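# Survey of secondary and tertiary structure
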Amino acid sequence: GKNIKAGNKAINLKSLKDYGLCVPDTYVLIAKRKTEKYNNNICKYISEAIIYYNLKYPVILRSSFFDEDTPEFSNAGKYESPIISNELEISNALEKIYSNGNEKKNEISIIVQEFIEGDYSGIVFSTDPLNNDKGIVVEYNKGRGEFVTSGKKIQIQFMKLKNHNTLIQNWN
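Residues numbered from 1 in each chain as written. Predicted model: local features only at pLDDT ≥ 70, side-chain atom pairs only at ≥ 80, totals over all residues. Heavy atoms only, no water.

## Overview of helix α1 (residues 8–18)
As a reminder of what qualifies: In this scheme, a residue with accessible area under 20% of its type's maximum is buried, one over 50% is exposed, and one in between is partly exposed, where area comes from a 1.4 Å probe on protein chains only. Strands are runs of DSSP state E lasting at least two residues, helices are runs of H or I lasting at least four, and both sets are numbered from the N terminus onward.
Residues of α1 that are buried: N8, K9, A10, I11 and L13. One or two positions beyond α1, positive phi appears at G20, with a value near 90°.

Rendered as structure tokens:
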């Protein structure tokens, strides 16, 4: 069953993997928020998970809040996902993740994944983020996804609405 404490992003990543899509191994930690004791424990757990599951650096730490990846809003690019290259960077990465979310929430879900440098990266929307039309919108570019999620660089945008395909923009 789905553990609702894991947050939408973690649940959706599991669904993608269950459908047979290629998703990096994903480990989710559910933790209390932002006290020094818990922060030290979380750093320890993340470090142990990286070793135990034989992940290779760089590793990406991602938040999984309940207002991320919802049917209504993707919030793509709203939350920072720090990429870390060694154990010493875990604490600072956690601080970035903590600062992303609603400070009133007592628990936070943290996704730990081996970072994969993609040839292409992007976002798939089930609703056009500009006008809320139903359909599939794919925005992607060569290289890392943060350029697309931040809106700084979209190489290609593809839209499928009402059973026909439209190439919206192509900046090759």
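## Quick look at the environment of E89
In plain terms, the rule: Here a residue-residue contact requires only that any non-hydrogen atoms of the pair lie within 4.5 Å. Each polar contact in these results corresponds to two N or O atoms within 3.5 Å; when the atoms are within protein, one needs to be able to donate a hydrogen and the other to accept it, and residues that are neighboring in sequence are counted only if both atoms are side-chain atoms.
Topologically, E89 is positioned in the loop between β3 (83–84) and α3 (90–100). Relative accessible area serves as the criterion here: at 28%, E89 is assigned to the partly exposed category. Taking the C-alpha atoms as reference, E89 lies 9.4 Å from C43; in sequence the two are 46 residues apart. Not counting the four nearest positions on each side in its chain, E89 is found in contact with I83 and I84. A distance of 2.7 Å separates a polar side-chain atom of E89 from the backbone nitrogen of S85.

## A closer look at the side chain of K9
Relative to the helices and strands, K9 is located in helix α1. By relative accessible area, K9 is classed as buried at 8%. Sequence-distant contacts of K9, that is, excluding residues within four places in its chain, are made with R62, S63, S64, E68, D69, S81 and I111.

## Examining the pattern of salt bridges
If the charged atoms of two oppositely charged side chains come close together, the side chains can form a pair. Under the convention used in this document: Put simply, a salt bridge is a Lys or Arg side-chain nitrogen that is within 4 Å of an Asp or Glu carboxyl oxygen.
Enumeration according to the criterion identifies 4 salt bridges in this entry. In this structure, the salt-bridge partner of E80 is K96, at a minimum N-O distance of 3.9 Å. Here E80 is found in the loop between β2 (59–63) and β3, whereas its partner K96 is found in helix α3, with 16 residues between them in sequence. Classification of E80 by relative accessible area gives partly exposed; the value is 40%. Notably, a salt bridge pairs R144 with E117, separated by 3.1 Å at the nearest N-O pair. Taken together, the residues span a long stretch of sequence, with R144 in the loop between β6 (134–142) and α4 (146–149) and E117 in the loop between β4 (107–114) and β5 (120–127) at a distance of 27 residues. The class of R144 is partly exposed, set by a relative accessible area of 29%. Looking at E117, the relative accessible area reads 48%, which means it is partly exposed.

## Some points on α3
We count it as follows: Arc definition: it is the arc formed by the directions from the helix axis to the C-beta atoms.
Those residues of α3 that fall on the buried side of the exposure criterion are I90, A93, L94, I97, Y98 and N100. Down the axis of α3, the buried set is contained in an arc of 150°. They therefore lie on one face.

## Considering the packing of aromatic side chains
Applicable threshold: Aromatic pairing here means that ring centres of Phe, Tyr or Trp (its six-membered ring) are within 6.5 Å. Orientation follows from the plane angle: under 30 degrees is stacked, over 60 is edge-to-face, and everything else is tilted.
For the structure shown, the criterion picks out 3 aromatic pairs. Plain terms: the ring middles of Y27 and Y53 are 3.8 Å apart, the flat faces sit at 20° to each other, and that makes the pair stacked. In this pair, Y27 sits in strand β1 (residues 26–32) while Y53 sits in the loop between α2 (36–52) and β2, placing the two residues 26 residues apart along the sequence. Given a relative accessible area of 18%, Y27 falls into the buried group. With relative accessibility at 39%, the residue Y53 sits in the partly exposed group.

## Structural notes on the confidence of the model for the chain
Any residue range with low pLDDT should be treated as having predicted coordinates unsuitable for detailed reading. This is how the line gets drawn: As a per-residue measure, pLDDT tells how confident the predictor is, with possible values from 0 to 100.
Mean pLDDT over the chain works out to 76, with 74% of the residues at or above the 70 mark. Looking across the chain, the model is least confident in strand β8 (residues 164–170), with a mean pLDDT of 46, and most confident in β3, with 94. Here residues 166–172 scores under 50 on pLDDT; set against residues more than four positions off or in separate chains, the count is 17 contacts.

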